Amino acid sequence: MPNKKILLVDDSKTSLFMESMILKNGHYDLVTAVDGREAVDKALAEKPDLIVMDVVMPHMTGFEACRELRRLEATRDIPIILVTTRGEGENVEAGFESGCNDYVTKPVDGLELLSKVRSQLGE
Amino acid sequence: MQEDGPGTFVRKVAQDTHRYSQELLEENRKLRVLLATLEAERQSLSTKARLAKEAVASSDALKALVDTLETEKQRLQEQLLRAQEELEHHRQDQHELRTRLVSTEAETREFAERYAHVEDQNSKLANLYVASYQLHGTVDFQEVVTVIREIVANLIGSEELALFKMSADGSALELVASFGIEAELYRKVFPGEGAIGRAIQSGEIYVAGTSEAEDAPAVVEPGLTAAIPLQLDGRVTGALAVFRLLPQKPGVEDADRELFELLASHAATALHCARLHAGPGQDAQP
């Protein structure tokens, strides 16, 4: 059975590197993007099984990208986990309103991220 | 007067005959009664004999039944004994299984704890590796500053920091970059002034909330979480101050202290390399 593909989106190289290390541990194939616009393009081209996306990014934020991905027929069913700096109710609510399936807060806990990824992928 | 003659004789014979007949009849009746009695007796005996025979037969059947029942009872007793032995065996098995289950559960808990510990260690090592790799992945000063900011935001959990360099004459720290704080308050920090100044004076990392920090009765910059003196070859070349942690971050953990230690030397080296790369006479700082 081929590995599941995850699209990892973050404008921070450090975050991308760290999250890549966590998810590679879970034996997933990774595709990366550095902003919301690129995330939408990569999602359409790569058809990932899941998207892990930061909220604060240039060009198109995670919330905006999430709404766009939900609008497009080809990507509307891909589960999205948002990585947010602020874990307060307001911010979380905005994330769910934009169409995300779950969220993790920074600093990212590796076990928590893997657990949520597995849960969204039905593993 | 008695008449002798044939008539008398005949009468006498007739009388005798009659009497004799009567006696015979009586005898016959008696014999019939006797016969009837005997017949009844015979029938009674026959019945008794039959009953006795039946009783004997019945007794034999009962005896056979008793024997069968006795055999069955023995068989059942043996079965019961075997069942009791099996039950006892099962009880012992069950006890053994329970003991093994308890032991396995304890082992599972221990493994889970060890797994969590190993994962935690892995996570710490991964963070240290990421920080070190990123810090030394560039010689561009701005890039190094960005990496330090990202390490503080993504690995430690704070969006408020200040990065200082030591002035050329070593008299004060000068602010190089800051995020999320009022920069004007930290343009210059003198050794011994506040927790940041004390950290560069002692060369020891300051972490708020520790016993060492609480023992020091001096002034502490508002919201300061950690002050990390950046050192190169044992010489303080600058400092990194981390202010308020993100709301979801409960406090400084062991992994954060290790990151502070790493930043103390690796950030200093990375910043120094960036300055050298910028060339002599050029100030790489913003």
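See above for the structure.
Structural notes, computed from the coordinates. (Residues numbered from 1 in each chain as written. Chains lettered and ligands numbered in written order. Predicted model: local features only at pLDDT ≥ 70, side-chain atom pairs only at ≥ 80, totals over all residues. Heavy atoms only, no water.)

1. Considering the sheet that holds strand β1 (residues 5-9) of chain A
Residue and element names in this part refer to chain A. Taken together, five strands build an open sheet; the order of strands is β2-β1-β3-β4-β5 and the sheet is parallel. Two strands bound the open sheet, and with one partner strand each, they are β2 (29-33) and β5 (102-105). Here the strands of the sheet are splayed against their neighbours by 20 degrees on average, with no regard to which way each runs. Looking at chain direction, strand β4 (residues 80-84) and β5 are connected through four bridges and run parallel. When the bridges of β5 are listed, Val83 appears paired with Val104. Contacting β1, β2, β3 (50-54) and β4, helix α1 (residues 13-25) runs over the sheet at an angle of about 160 degrees to β1. Packing of helix α2 (residues 36-46) onto the sheet brings it into contact with β1, β2 and β3, and relative to β2 it is tilted by some 145 degrees. (Pairing = 2+ DSSP bridges. Helix = DSSP H or I, 4+ residues; strand = E, 2+ residues; numbered from the N terminus. Axes fitted to C-alpha atoms, helices over the stretch in contact; angles between N-to-C directions. Contact = heavy atoms within 4.5 Å.)

2. Some remarks on unusual backbone geometry
All names here are of chain A. The residue after Lys106, namely Pro107, is reached through a cis peptide bond having omega -5 degrees. Structurally, Pro107 is set in the loop between β5 and α5 (110-120). Positive phi, close to 45 degrees, is recorded for Lys47, a residue that is not glycine. Its location among the elements puts Lys47 in the loop between α2 and β3. Judged by its relative accessible area of 48%, Lys47 is partly exposed. In this structure, His59 is a non-glycine residue whose phi angle is positive, near 65 degrees. Here His59 is to be found in the loop between β3 and α3 (62-71). (Buried < 20%, exposed > 50% of the residue type's maximum accessible area, 1.4 Å probe, protein only.)

3. What about the interface of chain A and chain B?
Opposite the 18 residues of chain A that make contact, chain B presents 21 residues. Between chain A and chain B, the buried area comes to about 1600 Å², and carbon and sulfur atoms account for 60% of it. Per-residue buried area on chain A facing chain B is highest for Thr14(A), Phe17(A) and Pro107(A); these three make up 35% of the total on that side. At the junction of chain A with chain B, the criterion picks out one salt bridge. At the surface where chain A touches chain B, the tally comes to eight residue pairs in polar contact (both at pLDDT 80 or more). (Buried area = accessible area lost by both parts, 1.4 Å probe. Salt bridge = Lys/Arg side-chain N within 4 Å of Asp/Glu carboxyl O. Polar contact = N/O pair within 3.5 Å; in protein donor to acceptor, adjacent residues only side chain to side chain.)

4. What to know about a nonpolar patch on the surface
Together, Phe9(B), Val10(B) and Val13(B) make up a nonpolar patch on the protein surface, roughly 290 Å² of accessible area in all. With respect to the helices and strands, the residue Val10(B) is situated in helix α1 (residues 6-135). (Patch = residues over 30% accessible without salt bridge, like charges linked within 9 Å, V, L, I, M, F, W, Y side chains within 5 Å. Areas by Shrake-Rupley, 256 points an atom, 1.4 Å probe, with all protein chains shown as cover.)

5. Focus on the nonpolar core
Within the largest apolar cluster, 52 residues are counted, with the highest numbers of intra-cluster contacts made by Leu23(A), Val52(A), Val117(A), Leu135(B), Ile148(B) and Leu240(B). Ranked by residue count, the leading element in this core is helix α5 (residues 254-278) of chain B, at 10 residues. Aside from chain neighbours lying at most four places away, what touches Val117(A) is Ile6(A), Leu23(A), Tyr28(A), Leu50(A), Val52(A) and Ile81(A). Counting 21 residues, the second-largest nonpolar core is a separate cluster that includes Leu7(A), Met57(A), Leu69(A) and Ile80(A). (Core = buried A, V, L, I, M, F, W, Y, C linked by side-chain atoms within 4.5 Å.)

6. Let's talk about the state of the cysteines
Residue and element names in this part refer to chain A. As enumerated under the stated definition, the model contains zero disulfides over all chains in all. With no disulfide partner, Cys100 has as its closest neighbouring cysteine sulfur the one in Cys66, 5.5 Å distant. Classification of Cys100 by relative accessible area gives buried; the value is 7%. (Disulfide = S-S within 2.5 Å.)

7. Quick look at the environment of Met53(A)
In this structure, Met53(A) sits in strand β3. Sequence separation of Met53(A) and Ser98(A) is 45 residues, and the distance between their C-alpha atoms is 12 Å.

8. What about the side chain of Ser20(A)?
Residue and element names in this part refer to chain A. Mapped onto the secondary structure, Ser20 falls in helix α1. At 2.6 Å, the side chain of Ser20 forms a polar contact with the backbone oxygen of Leu16. With residues up to four places along the chain from it excluded, the contact list for Ser20 reads Leu8 and Leu30.

9. Here's the deal with α1(B)
Taking 1.5 Å of rise per residue, the 130 residues of α1(B) would be expected to cover 194 Å, and the 182 Å separating its terminal C-alpha atoms lies within 8% of that figure. Within the sequence span of α1(B), burial applies to Thr8(B), Glu119(B), Lys124(B), Ala126(B), Asn127(B), Leu128(B), Val130(B), Ala131(B), Ser132(B), Gln134(B) and Leu135(B). Where α1(B) is buried, its residues meet α1 and α5 of chain A together with α2 (141-156) and α5 of chain B. (Expected span 1.5 Å × (residues − 1).)

10. Focus: the sheet that holds strand β6 (residues 235-242) of chain B
Residue and element names in this part refer to chain B. Reading across the sheet, the six strands line up as β3-β2-β1-β6-β5-β4 and stay open at both edges, with antiparallel pairing between neighbours. Edge positions in the sheet fall to β3 (188-189) and β4 (206-207), since each of these pairs with one other strand and no more. Pairing of strand β1 (residues 161-166) with β6 involves five bridges; the strand directions are antiparallel. In the strand pairing of β6, Leu161 is matched with Val242. Along the sheet, α5 makes contact with β1, β4, β5 (226-232) and β6, crossing β5 at roughly 45 degrees.

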